[in-house]
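Architecture and fold: a report
Chain residues, written in single-letter form:
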Amino acid sequence: MSDLDERFRELREKPAPDQWQDIQRRDPQPAQAHGRSRLLAAGVALFVAAAAFVILARAFVPSTGTTAPADQTSSTSPPSPTLSEAPVVFLAPYLNGGTGWSTYSSPPAKEGDPSYAWASTIPIVQADVQYGAAIPPSTIEHLPANGIVVTVEVVPSEYQSSSVPFPYAERSYDLGSATVRGPEAEEPEGNYSVYISGLPLRGRT
Amino acid sequence: MNDLRGRVIESEIERLYRDHSGRLWWAVLAFAHDREVANDAVAEAFAQALRRGLAIRDPARWVWRAAFRIAAGELKQPRSDRYTDNQLVYEMSEPASDLIEALRKLSPKQRAAVVLHHVGGYSAAEIASILGSTRAAVKVHLSQGRKRLRMVLEEDDE
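Thresholds applied
Residues numbered from 1 in each chain as written. Chains lettered and ligands numbered in written order. Predicted model: local features only at pLDDT ≥ 70, side-chain atom pairs only at ≥ 80, totals over all residues. Helix = DSSP H or I, 4+ residues; strand = E, 2+ residues; numbered from the N terminus. Contact = placed C-beta atoms within 7 Å. Buried ≥ 20, exposed ≤ 12 C-beta atoms within 10 Å, placed from the backbone. Core = buried A, V, L, I, M, F, W, Y, C linked by C-beta atoms within 7 Å. Domains from an automatic or database assignment. pLDDT = per-residue confidence, 0-100.

Here we take up the overall build of chain A. In terms of regular secondary structure, chain A is built from five helices and seven strands. The order of α-helices and β-strands along chain A, N terminus first, is α-α-α-β-β-β-β-α-α-β-β-β. Sequence separation of at least 24 residues holds for 62% of the intrachain contacts in chain A that already meet a minimum separation of 6.

Here's what the structure looks like:
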């Protein structure tokens, strides 16, 4: 144990105020309640995310010879927002897909909720849709060699209220400069590579 | 059925709260140096986790990330009633209170990386995920922050 670890031991072991009852009664705040600055920063990231899925979708369309997979979830168009039911609603990101791709977009999101989109060279597994996570773990586990799953997530802090329902901007991405790594804790185990594009751009202009 | 699912989610989140809230609260406090911010950030993160339920795949990491982002957001807000939480120091042993004070002299990014590593027990890659940064950047902040912290603590000891 390092000297600093020893110094921090009391903070690791000391009890904190028990707020559980307050948490059960608490009404979670919308994202913007935590500051205008988060929303401003979010605008940049949202544009990044919006651009990323468009470019990735185009970049990954197979050139020839791929037949359309049986579509369990159907290739969906982005659902219409129900603005009358909520004061602020954001369309989920949308992957254009193409021949041989299955796509899915989460429903419109109220401010404070995440939204996401997937495109896959194999049918998207229904359990992933029901699970509602940002990454489709079952689909990834079923990927064959050379299979591809594209995911885009827009997290609550990336929404920008002034650009409802979904801000859009053209930006290009070079997958050659994407970060490449293996699966990490949040992702299914397996022998595959994860290309990350867009996420590190938060805060850039 | 929904009631049952709701109870299962609540039970899981409560278990998570019992396992993590102590370290998380102190980590946020060491980062923010504001008891109200720590209370609010931790409570809000777990309340959000309760609402989202099964949509969160790694709830532990999610609540840490949410709490730190909420705390960072709140610290950016000008607040006339923000105060130095001296009472906190009285409740702690001298080494721990010295440590809390020494952490003030780190930059926010260094401080976040250091407390997430030493209080949360997270690796550089996990901290990068929590803070929305890169592993390389976190390693730099950790290295510089730990070096700076040692210097400050040694000065205090002399």
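Now for the environment of E74(B). Residues and elements named next belong to chain B. Mapped onto the secondary structure, E74 falls in helix α3 (residues 59–75). Judged by local crowding, E74 falls into the buried class, with 22 C-beta atoms found within 10 Å. With 33 residues separating them in the primary sequence, E74 and A41 have C-alpha atoms 8.5 Å apart.

Before going further, it helps to spend a moment on the nonpolar core. If you look at the biggest cluster of nonpolar residues, it comprises 55 residues, and the most contacted ones within it are V28(B), A30(B), V42(B), F46(B), A67(B), F68(B) and A71(B). For this core, the elements supplying multiple residues, two or more each, are α1 (3–13) of chain A together with α1 (2–32), α2 (35–52), α3, α5 (94–103), α6 (108–118), α7 (124–131) and α8 (135–157) of chain B. Residue assignment places this core across two domains, with domain 1 (1–82) and domain 2 (90–158) of chain B each supplying three or more. The contact partners of A67(B), leaving out residues within four places of it in the chain, are L24(B), V28(B), A41(B), V42(B) and A45(B).

For the rest of this paragraph, the subject is the confidence of the model for chain B. Overall, the predicted model of chain B reaches an average pLDDT of 83, with 87% of residues at or above 70. Per-element confidence in chain B ranges from a low mean pLDDT of 53 for helix α4 (residues 86–90) of chain B to a high of 92 for α6(B).

Take α7(B) next. Residues and elements named next belong to chain B. Of all eight residues making up α7, seven are buried, and the element is well covered by its neighbours. If you check which residues of α7 are buried, you get A124, E126, I127, A128, S129, I130 and L131. The first or second residue beyond α7 is G132, which carries a positive phi of 70 degrees.

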